[in-house]
Amino acid sequence: MELKYKVRKAKNLDDSSSLTEGTGTIRWQHMGQQYRINTAAKILFLTLFSSQSEGEITESGIAPLLYTKTNPKATTNTHFQRARNVISFSASTREYPRTEGAQDQSSMIFQLAAVGLGNSEQISDGNLIEFVVASHRDAEPWQFLVLGMEKMQLENKEA
């Protein structure tokens, strides 16, 4: 599955003349109990960032093993170490406990969907969903408050 979206970058948020538009993609692949998510945001010929999340699909949902993020300056790796039960980083000496449901910045949206698919009561109005999300150098709890349901109409373009 591939999602495409518009990217907008501004040098100054108050000045619309500095606005530049580009494209972004999120590509989901699953191979049995393994998954891979590739993301990229580009403006003209410049890739603002790209990332890849790889891991397993478990009974608890998405379980990342490695998150790689590349921007024009560097490539970093975030490791979800099950044997040591920690999250570690190539761009930082910090380590965080790897808690159940911990995600990276690319996998978290798919985990959020998996929570709703696994138990639709979890996405009832007023419910709070929380899990740890790791970036390229740290991890912190993210909270999602369910405000209600909306119907969306999506365009389906078969490649």
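The structure under discussion appears in the preceding block.
Since the structure is predicted, the reported quantities are computational estimates derived from the model, not experimental observations.

**As for the overall build of the chain**
- Within the chain, the regular secondary structure consists of one helix and 11 strands.
- Considered along the principal axes of its C-alpha atoms, the chain spans approximately 50 × 40 × 35 Å.
- Out of the 159 residues in the chain, the part that is buried amounts to 32%.
- Long-range contacts, defined here as pairs at least 24 residues apart, represent 33% of the contacts in the chain between residues at least 6 apart.
- Put simply, the chain shows about 11000 Å² of open surface, and 51% of that area lies on carbon and sulfur atoms.
- A gap of 9 Å separates the mean positions of the 17 positive and 18 negative side-chain charges of the chain.

**Here's the deal with the sheet that holds strand S1 (residues 2-10)**
- As summarised here, the arrangement of the eight strands in space is S1-S2-S3-S4-S5-S6-S7-S8, forming an open sheet in which the pairing is antiparallel. Lying at the two open borders of the sheet, with one neighbouring strand each, are S1 and strand S8 (95-97). Taking the axes of each pair of neighbouring strands and ignoring which way they run, one obtains an average angle of 20° across the sheet.
- Relative to strand S4 (residues 46-58), strand S3 (residues 34-43) runs antiparallel, the two sharing 10 bridges. Bridged to Asn38 within S4 is Gln52.
- Relative to strand S5 (residues 61-70), helix H1 (residues 108-118) is tilted by about 165°, and along the sheet it contacts strand S2 (19-31), S3 and S5.

Cut-offs and rules
Residues numbered from 1 in each chain as written. Predicted model: local features only at pLDDT ≥ 70, side-chain atom pairs only at ≥ 80, totals over all residues. Heavy atoms only, no water. Helix = DSSP H or I, 4+ residues; strand = E, 2+ residues; numbered from the N terminus. Buried < 20%, exposed > 50% of the residue type's maximum accessible area, 1.4 Å probe, protein only. Contact = heavy atoms within 4.5 Å. Areas by Shrake-Rupley, 256 points an atom, 1.4 Å probe, with all protein chains shown as cover. Lys, Arg positive; Asp, Glu negative; His and termini not counted. Charge placed at Lys NZ, Arg CZ, Asp CG, Glu CD. Pairing = 2+ DSSP bridges. Axes fitted to C-alpha atoms, helices over the stretch in contact; angles between N-to-C directions.

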